[in-house]
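Remarks on the overall topology
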Amino acid sequence: MDLQLKNKVIIVTGGASGIGAAICKTLAEEGAIPCILDLREGDGFSIVVELTDPVACRRAVEEVMKRWGRIDGVVNNAGLNDGVGLETGGEEGFVRSLERNAGHYYQVAHSALSALEDSRGCIVNIISKVAFTGQGNTSGYAAANGVRAELTQEWALELASRGIRVNGVVVAECWTPAYEKWISGLQNGTEQLKEIEAMVPLENRLTKPKEIADTVVFLLSPLSQGVKGELVHVDGGYVHLDRRAGG
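This one's a predicted model, so the numbers in the text were calculated from it and none came from an experiment. (Residues numbered from 1 in each chain as written. Predicted model: local features only at pLDDT ≥ 70, side-chain atom pairs only at ≥ 80, totals over all residues. Heavy atoms only, no water.)

Things to note about the pattern of salt bridges
Using the criterion set out here, one finds 11 salt bridges in the structure. Here K129 makes a salt bridge to E173, at a shortest N to O gap of 3.0 Å. Of the two residues, K129 sits in the loop between β5 (122–128) and α4 (130–133) while E173 sits in the loop between β6 (165–171) and α6 (177–184), which places them 44 residues apart along the sequence. Taken as a pair, K129 and E173 share a single burial class, namely buried. One salt bridge connects E211 with R205, and the closest N-O pair in it is separated by 2.7 Å. (Salt bridge = Lys/Arg side-chain N within 4 Å of Asp/Glu carboxyl O. Helix = DSSP H or I, 4+ residues; strand = E, 2+ residues; numbered from the N terminus. Buried < 20%, exposed > 50% of the residue type's maximum accessible area, 1.4 Å probe, protein only.)

As for the nonpolar core
Counting residues in hydrophobic clusters, the biggest one holds 28 residues, and the most contacted among them are I11, L37, V64, I71, V74 and I123. Residue assignment for this core shows that the elements contributing at least two residues are β1 (9–13), β2 (33–38), α2 (54–68), α3 (91–119) and α5 (139–159). For this core, the leading source of residues is α3, giving 6 residues. For V74, the residues in contact, after removing those within four places along its chain, are I10, I11, V108, A112, L116, C122, I123 and V124. Residues I23, C122, V124 and L220 belong to the second largest nonpolar core, which totals 27 residues. (Core = buried A, V, L, I, M, F, W, Y, C linked by side-chain atoms within 4.5 Å. Contact = heavy atoms within 4.5 Å.)

Quick look at a nonpolar patch on the surface
Judged by side-chain polarity, M1, F218 and L223 come together as a nonpolar surface patch covering roughly 330 Å² of accessible area. By secondary structure assignment, the location of L223 is in the loop between α8 (209–220) and β7 (231–233). With relative accessibility at 33%, the residue L223 sits in the partly exposed group. (Patch = residues over 30% accessible without salt bridge, like charges linked within 9 Å, V, L, I, M, F, W, Y side chains within 5 Å. Areas by Shrake-Rupley, 256 points an atom, 1.4 Å probe, with all protein chains shown as cover.)

Thoughts on the packing of aromatic side chains
Counted by the stated rule, this structure contains 3 aromatic pairs. A ring pair is formed by F45 and W68, whose centres lie 5.7 Å apart and whose planes are at 80°; its orientation type is edge-to-face. With F45 in strand β3 (residues 45–48) and W68 in helix α2, this pair connects stretches of sequence that are 23 residues apart. On the basis of relative accessibility, which here comes to 21%, the residue F45 falls in the partly exposed class. Assessed through its relative accessible area of 27%, W68 is described here as partly exposed. Relative to W182, the ring of Y179 has its centre 5.4 Å away and its plane inclined at 80°; by these criteria the two rings are edge-to-face. Here Y179 pairs with W182, and both are found in helix α6, just 3 residues apart, close to one helical turn. Residue classification places Y179 among the buried residues on the basis of a relative accessible area of 11%. You can call W182 partly exposed: its relative accessible area is 40%. (Phe/Tyr/Trp six-rings, centres within 6.5 Å; stacked < 30°, edge-to-face > 60°.)

Topic: the packing of α3 against α5
Helices that pack against each other are described as a pair by the angle of their axes relative to one another and the distance between those axes. For the pair α3 and α5, interaxial distance at closest approach is 7 Å and the crossing angle is 20°. Between α3 and α5, the angle falls in the class roughly parallel. Between α3 and α5 lies a crossing of right-handed hand. Contact residues: α3 offers F94, S97, L98, N101, A102, Y105, Y106, A109 and L113, while α5 offers S139, G140, Y141, A143, A144, V147, R148, W155 and L159. (Axes fitted to C-alpha atoms, helices over the stretch in contact; angles between N-to-C directions. Parallel < 35°, antiparallel > 145°, perpendicular 65-115°, else oblique. Left-handed = near helix turned anticlockwise from the far one by under 90°.)

Observations regarding the pairing of β2
β2 sits mainly inside the fold: 6 of its 6 residues count as buried. Covered by surrounding structure in β2 are I33, C35 and L37 together with P34, I36 and D38, the residues of both alternating faces. Bridging between β1 and β2 involves 5 bridges; their strand directions are parallel. Bridge pairing links I11 to C35 in β2. Traced from β1 through helix α1 (residues 18–29) to β2, the parallel crossover comes out right-handed. The sheet contact formed by β2 and β3 spans 4 bridges and is parallel. Residue pairing for β3: I36 is matched across the bridge by S46. (Pairing = 2+ DSSP bridges. Right-handed = clockwise from strand over helix to strand, strands pointing away.)

In short, shape yes, function no, at least from these values alone.
Here it is as structure tokens:
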């Protein structure tokens, strides 16, 4: 299926690895031009940037405009589950977690807004399921993802009259390099992974980054023109289905 994304310029934060890299690869397969904003270089056009720095974010977006002359979409994806809990955090760590995991969602979208209005483009925000389920010892990350979800619906309303569509994709248990590293660092990682997989209703397996990417790219496409302000869960039913019914 032609998703009508050929030569569309799409910013992807955190596009050098994991879900972001899968999104960039799928965009490229559709003929789009992914522009990676990350702490390290990725495959394709990349700008190395510290996303917690608002000035650096703005300059990175300006650099995309200087190179390509347009921006058709923004995928806000970068983030880190940093383990800032209620007991183990403190005000400074909590605020830092919000900056690291939500601040740049606002700043990149704000910096690209004029270009998105010109192109009648799209924003897709990647959101962790912890915004809705919690996890324990992740106050900062959970709060930041709650912000991501609320910004998605706020922006969808604010920008609808300008022809800019905004949606979110909610991720639960997804097999990324970061997830693999976390599992391998556990004493009982293999057993823990089996327990997590058993709680995913669809096929008792973790979501694949490609499955997230396919949904994101569809939401960036004109073929999803009627979809606005939605939080699409790509999680094998993890959040909304009774996990005991899996398998």
